[in-house]
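Working through the structure, step by step
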Amino acid sequence: MKEDLSKTIEGSFHIVGGDFIRAGEASTALKKQLIDLGIEEETIRKVSIATFEAEMNIIIYATAGIIRYTITPEEITIIAEDMGPGIEDIELAMQEGYSTAPDWVREMGWGAGMGLPNMKKNSDIFRIESVVGEGTTVEMVIRRKKDDHSRNSREA
Ligand SMILES: Nc1ncnc2c1ncn2[C@@H]1O[C@H](COP(=O)(O)OP(=O)(O)OP(=O)(O)O)[C@@H](O)[C@H]1O
Ligand SMILES: [Mg+2]
């Protein structure tokens, strides 16, 4: 049975820095929940990409973090907040291809410098705040497409 989509649904995931074994668990769990709720495919795609990149950045760069999400009929909000080194130059970090990932992280396939640009690209609202030596917070809002009934028409 599908949950009542007129209600606000909230949840959170704790992310541990360096925990590559569990990389992608949070974004995968959120994606599953969105599928179960019957959310439009296009929205799920955007949320999944944005959440996965945020999750990876916490794992790669931070000590620990939390990803909170809120699902409403209008939009999905993802807030990724971490305790970590912070980002000195946000404008530079937002540029495609900019990365400080060390070689051993690059060998695992990360460090293309595309995570933050992709988070922004897939969000309708994107905010990033960072304090060097304290941590980084990324807030992303993805608006849901009201006119896409491809998945919800069955529920009418
Ligand atoms: N949560 C964070 N804490 C500290 N620094 C970060 C954080 N997120 C991003 N950065 C910094 O910003 C840079 C760019 O991040 P971005 O996610 O765009 O690329 P990347 O992680 O280097 O590579 P990719 O995401 O393509 O694997 C990072 O290399 C890092 O220096
Ligand atoms: Mg990244």
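Look a little higher up for the structure.
Presented here is a report on the structure given in the accompanying data block.

Our next topic: the pairing of strand 4 (residues 125-131). Pairing between strand 4 and strand 5 (residues 135-143): 7 bridges, direction antiparallel. When the sheet's bridge partners are listed, isoleucine 128 is paired in strand 5 with valine 138. Counting the residues between successive antiparallel strands, the hairpin from strand 4 to strand 5 contains 3 residues, one of them, glycine 133, with a positive phi of roughly 85°.

Here strand 1 (residues 9-16) shows a buried face lined by Ile9, Gly11, Phe13 and Ile15 and an unburied face lined by Glu10, Ser12, His14 and Val16. Examined bridge by bridge, strand 1 and strand 2 (residues 64-71) share 8 bridges and lie antiparallel to one another. Residue pairing for strand 2: isoleucine 15 is matched across the bridge by glycine 65.

Three- or four-residue spacings in an α-helix give side chains the same orientation, since the helix completes a turn every 3.6 residues. Compared with an ideal rise of 1.5 Å per residue, which puts 13 residues at 18 Å, helix 1 (residues 25-37) spans 18 Å between its outermost C-alpha atoms and is within 8% of the ideal. Three or more residues of helix 1 are buried, namely Ala26, Ser27, Leu30, Gln33, Leu34 and Leu37. Buried residues along helix 1 cover an arc of 125° about the axis, so they all sit on one side. Relative to its buried face, helix 1 has exposed residues pointing more than 90 degrees away, namely Lys32 and Asp36. Here the buried face of helix 1 lies against strand 1, helix 2 (41-61), strand 2 and strand 3 (75-83). Following helix 1 by one or two positions, glycine 38 adopts a phi angle in the positive range, close to 80°.

Reading guide: rules and limits
- Residues numbered from 1 in each chain as written.
- Chains lettered and ligands numbered in written order.
- Predicted model: local features only at pLDDT ≥ 70, side-chain atom pairs only at ≥ 80, totals over all residues.
- Heavy atoms only, no water.
- Pairing = 2+ DSSP bridges.
- Helix = DSSP H or I, 4+ residues; strand = E, 2+ residues; numbered from the N terminus.
- Buried < 20%, exposed > 50% of the residue type's maximum accessible area, 1.4 Å probe, protein only.
- Expected span 1.5 Å × (residues − 1).
- Arc of directions from axis to C-beta.
- Contact = heavy atoms within 4.5 Å.

As far as function goes, none of this settles anything; it's purely spatial.
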